[in-house]
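Summary of structural features
Listed here are the chains, written in short residue letters.
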There are 2 protein chains.
Amino acid sequence: MNQTIELLKKHRSIRKYTDKTISKEIIETIVEAGQYASTSSYVQAYSVIRVNDKSNREKLYTWSGEQKNVLNAPEFLIFCADLNRVQEACLSHDTHMSDGFIEWLLIASVDVSLVAQNVMIAAESLGLGGVYVGGIRNEAEKVSEMLNLPDRVYPIFGLCLGYPDQDPETKPRLPLQMILHEESYQVIDQVALSEYDELIESYYERRTKGKLIQTWTKQMADKADRENRPHMMRFLNDKKYANR
Amino acid sequence: MNQTIELLKKHRSIRKYTDKTISKEIIETIVEAGQYASTSSYVQAYSVIRVNDKSNREKLYTWSGEQKNVLNAPEFLIFCADLNRVQEACLSHDTHMSDGFIEWLLIASVDVSLVAQNVMIAAESLGLGGVYVGGIRNEAEKVSEMLNLPDRVYPIFGLCLGYPDQDPETKPRLPLQMILHEESYQVIDQVALSEYDELIESYYERRTKGKLIQTWTKQMADKADRENRPHMMRFLNDKKYANR
């Protein structure tokens, strides 16, 4: 193991921050490091929008489920899938952008996620901590209007960043053997899954001092048993991302 | 700048590898490091399938556009978005998985991308090099059959890994000021875009010794002006990922 791998394995979401601000230089350094992530056919289908204006933060806080970290983080970056520049390239060379294929949604969503993970790691390597905020998709259209996003640009998640004012333990992941398959997909190992459930139950009990006792499968079963942001299909359609 | 950020900024795709094999221990180390990436509501919606069987590699090589690296890489990992375990959790707790929302496609695709980028970085930190292969989506259904993927599991990209037998320069990214916006989306800076086009033109000319002279916008305009994997919508629909 080396320093980088140690850093990756130490990751946990940080939701409380000291008052220390993050310099603009650091933001530029970590976003630039982000850009060196691989990009599908060189499209670089992403934009990052810094939102630090207080009234904008208040809106985002309300829209994304009232997580205090959205209000309080020294920095809040919104990551967007962005094919607007590709469309511009088409215009300037008299070709026609093949809008609407869901493949574009995958390309742009993967591109921006790879960048974001680089940004997270670069930030953590500098002593910062953060948490992704998928909750901005609760009100994707309002976020989009607030940020003035054109067609072909959609907000995928936010990232709160700051100097950590908490030190939570890392959250146990599914056992490696359930994730890593050989040559073909292995059916679910029920014994391993039960053991994981027990592990998570005691993890929550310890971390919440007995207030929450829940297995992983119960948490998933409850989460998945309801409509999941049903407005997103129309929103992505409108943004020219998933019509065909 | 520190070692980790230097590592991120040194990234370039590696498509030629020495004969040196990668130990199973290293694969396990980097995939486990991958798992510590953030995951939306703890769903851990991903699986990684090692494909090293020669005849399977030959199929993947044909399907994904005949890139030699798919045949020759010491390791080929296929990253899958995976909600099969969540569905299993629903079954075991008598709840009902809310299949088909495109939001699930985003959740799982982001989850697996964050993991993959951690795996890439962990690999690079150990002296390995690699390249993502989105080309497996050319034949998503055949890949899915070969790997025995159940409903709610879809292959998003492959990752070739090996010890580098080439040392290409890094590919210049869009200027930071075009990617990083303040408070709201800035319109495209045409001057910056033209300068970038010139930079890329000379980059290709230098790298290909004059064989390819092309700007970024021209490359994008040509790429975007055609149907983009039009089979993907039906495939994702069948996998219960994008029906509503």
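Here the structure is a predicted model, which is why all the values come from computation and not from measurement.

About the cut-offs
- Residues numbered from 1 in each chain as written.
- Chains lettered and ligands numbered in written order.
- Predicted model: local features only at pLDDT ≥ 70, side-chain atom pairs only at ≥ 80, totals over all residues.
- Heavy atoms only, no water.
- Core = buried A, V, L, I, M, F, W, Y, C linked by side-chain atoms within 4.5 Å.
- Buried < 20%, exposed > 50% of the residue type's maximum accessible area, 1.4 Å probe, protein only.
- Contact = heavy atoms within 4.5 Å.
- Helix = DSSP H or I, 4+ residues; strand = E, 2+ residues; numbered from the N terminus.
- Buried area = accessible area lost by both parts, 1.4 Å probe.
- Salt bridge = Lys/Arg side-chain N within 4 Å of Asp/Glu carboxyl O.
- Nonpolar A, V, L, I, M, F, W, Y, C, P; charged D, E, K, R; others polar.
- Pairing = 2+ DSSP bridges.
- Phe/Tyr/Trp six-rings, centres within 6.5 Å; stacked < 30°, edge-to-face > 60°.
- Lys NZ or Arg CZ within 6 Å of the ring centre and 35° of its normal.
- Axes fitted to C-alpha atoms, helices over the stretch in contact; angles between N-to-C directions.
- Parallel < 35°, antiparallel > 145°, perpendicular 65-115°, else oblique.
- Left-handed = near helix turned anticlockwise from the far one by under 90°.
- Least-squares fit on C-alpha atoms with pLDDT ≥ 70 in both.

Grouped together as the largest cluster of nonpolar side chains are 138 residues, with contacts concentrated most on Phe-79, Ile-102 and Leu-236 of chain A together with Phe-79, Ile-102 and Leu-236 of chain B. In this structure, Ile-102 of chain A is in contact with Tyr-241, Ala-242 and Arg-244 of chain A together with Ile-102, Leu-105, Met-232, Met-233, Leu-236 and Ala-242 of chain B, ignoring residues within four places of it in sequence.

Right, let's get into the environment of Val-31 of chain B. In this fold, Val-31 of chain B is placed in helix H2 (residues 24-35). Accessibility expressed as a relative area gives 0% for Val-31 of chain B, which makes it buried. Residues Val-31 of chain B and Val-48 of chain B, 17 residues apart in the sequence, show an inter-C-alpha distance of 8.0 Å. If sequence neighbours within four positions are ignored, Val-31 of chain B has contacts with Leu-176, Ile-179 and Leu-180 of chain A together with Val-48, Leu-77 and Val-119 of chain B.

With 118 residues of chain A at the interface, the matching set in chain B holds 118 residues. Roughly 10400 Å² of surface becomes buried between chain A and chain B when both sides are summed, with 63% attributable to carbon and sulfur atoms. Summed over the three residues of chain A that lose the most area to chain B, namely Tyr-36, Tyr-42 and Tyr-185 of chain A, the buried surface amounts to 9% of that side. Where chain A touches chain B, the interface holds 10 salt bridges. Between Lys-24 of chain A and Glu-182 of chain B there is a salt bridge; the shortest N-O distance is 3.7 Å. Its residues assigned to classes, the side of chain A that touches chain B comprises 60 nonpolar, 35 polar and 23 charged. Bridge count between strand E5 (residues 180-182) of chain A and strand E1 (residues 46-50) of chain B: 3 bridges; the pairing is parallel.

The subject of this paragraph is the packing of aromatic side chains. Each aromatic ring pair is summarised here by two numbers: the centre-to-centre distance and the angle between the ring planes. Residues and elements named next belong to chain A. Following the criterion strictly, the structure yields 10 aromatic pairs over all chains and no others. Pairing Tyr-154 with Tyr-241 gives two aromatic rings, centres 5.4 Å apart and planes at 75°, and the pair type is edge-to-face. In this pair, Tyr-154 is assigned in strand E4 (residues 153-162) and Tyr-241 in the segment after helix H11 (232-238), connecting sequence segments 87 residues apart. Here Tyr-154 and Tyr-241 have matching classes, each one buried. Within the aromatic cluster, the residues linked to one another by ring pairs are Phe-79, Tyr-132 and Phe-157. Above the plane of the ring of Tyr-163 lies Lys-20, whose end atom (NZ or CZ) is 4.3 Å from the centre.

Turning our attention to the side chain of Gln-44 of chain A. Structurally, the position occupied by Gln-44 of chain A is in the loop between helix H2 (24-35) and strand E1 (46-50). With relative accessibility at 0%, the residue Gln-44 of chain A sits in the buried group. Among residues more than four places away in sequence, those in contact with Gln-44 of chain A are Thr-39, Asp-82, Arg-85 and Asp-111 of chain A together with Arg-173, Leu-174, Tyr-196 and Trp-216 of chain B.

With respect to topology, 5 strands assemble into an open sheet ordered E3(A)-E4(A)-E2(A)-E1(A)-E5(B), the strand pairing being mixed. Of all the strands in the sheet, the pair left with one neighbour each is strand E3 (129-133) of chain A together with strand E5 (180-182) of chain B. Each neighbouring strand pair of the sheet contributes to a mean axis angle of 25°, computed without reference to strand direction. Judged from the 5 bridges that link them, E3 of chain A and E4 of chain A form a sheet pairing that is antiparallel. Residue pairing across strands places Gly-130 of chain A opposite Leu-161 of chain A, the latter belonging to E4 of chain A.

In the contact formed by helix H6 (residues 102-125) of chain A and helix H6 (residues 102-125) of chain B, the axes pass within 8 Å of each other and the chain directions differ by 45°. If you check the angle between H6 of chain A and H6 of chain B, you find them oblique. Between H6 of chain A and H6 of chain B the crossing geometry is right-handed. Contacts between H6 of chain A and H6 of chain B pair Ile-102, Leu-105, Leu-106, Ser-109, Val-110, Ser-113, Leu-114, Gln-117, Asn-118 and Ile-121 of chain A from the former with Ile-102, Leu-105, Leu-106, Ser-109, Val-110, Ser-113, Leu-114, Gln-117, Asn-118 and Ile-121 of chain B from the latter. Of the residues belonging to the contact of H6 of chain A with H6 of chain B, the class tally is 12 nonpolar, 8 polar and no charged.

What follows deals with the side chain of Asn-228 of chain B. Position of Asn-228 of chain B relative to the elements: it lies in the loop between helix H10 (216-224) and helix H11 (232-238). You can call Asn-228 of chain B buried: its relative accessible area is 8%. With residues near it in sequence (within four places) discarded, Asn-228 of chain B still touches Ser-98, Phe-101, Glu-103, Trp-104 and Ile-107 of chain A.

Turning next to the relation of the copies chain A and chain B. Placing chain A over chain B gives an RMSD of 0.0 Å and needs a rotation angle of 180°, together with 0.0 Å of translation along the axis. Viewed as a symmetry operation, the transformation between the two copies matches a two-fold axis. With an isologous cut-off of 70% or more, the 100% of interface residues of chain A that recur at the interface of chain B puts this contact in the isologous class.

A side chain of one charge can pair with a side chain of the opposite charge if their charged atoms are brought near each other. Residues and elements named next belong to chain A. Evaluated as defined, the whole model comprises 33 salt bridges over all chains. Arg-12 is paired through a salt bridge with Asp-167; the nearest N and O atoms lie 2.5 Å apart. Placement of the pair is Arg-12 in the loop between helix H1 (3-9) and H2 and Asp-167 in the loop between E4 and helix H8 (176-179), with a sequence separation of 155 residues. Linking Asp-99 and Arg-152 is a salt bridge whose minimum nitrogen-to-oxygen distance equals 2.7 Å. Of this pair, Asp-99 sits in the loop between helix H5 (84-92) and H6 while Arg-152 sits in the loop between helix H7 (140-146) and E4, and the two are 53 residues apart along the sequence. We classify Asp-99 as buried; its relative accessible area is 19%. By relative accessible area, which is 10% here, Arg-152 ends up buried.

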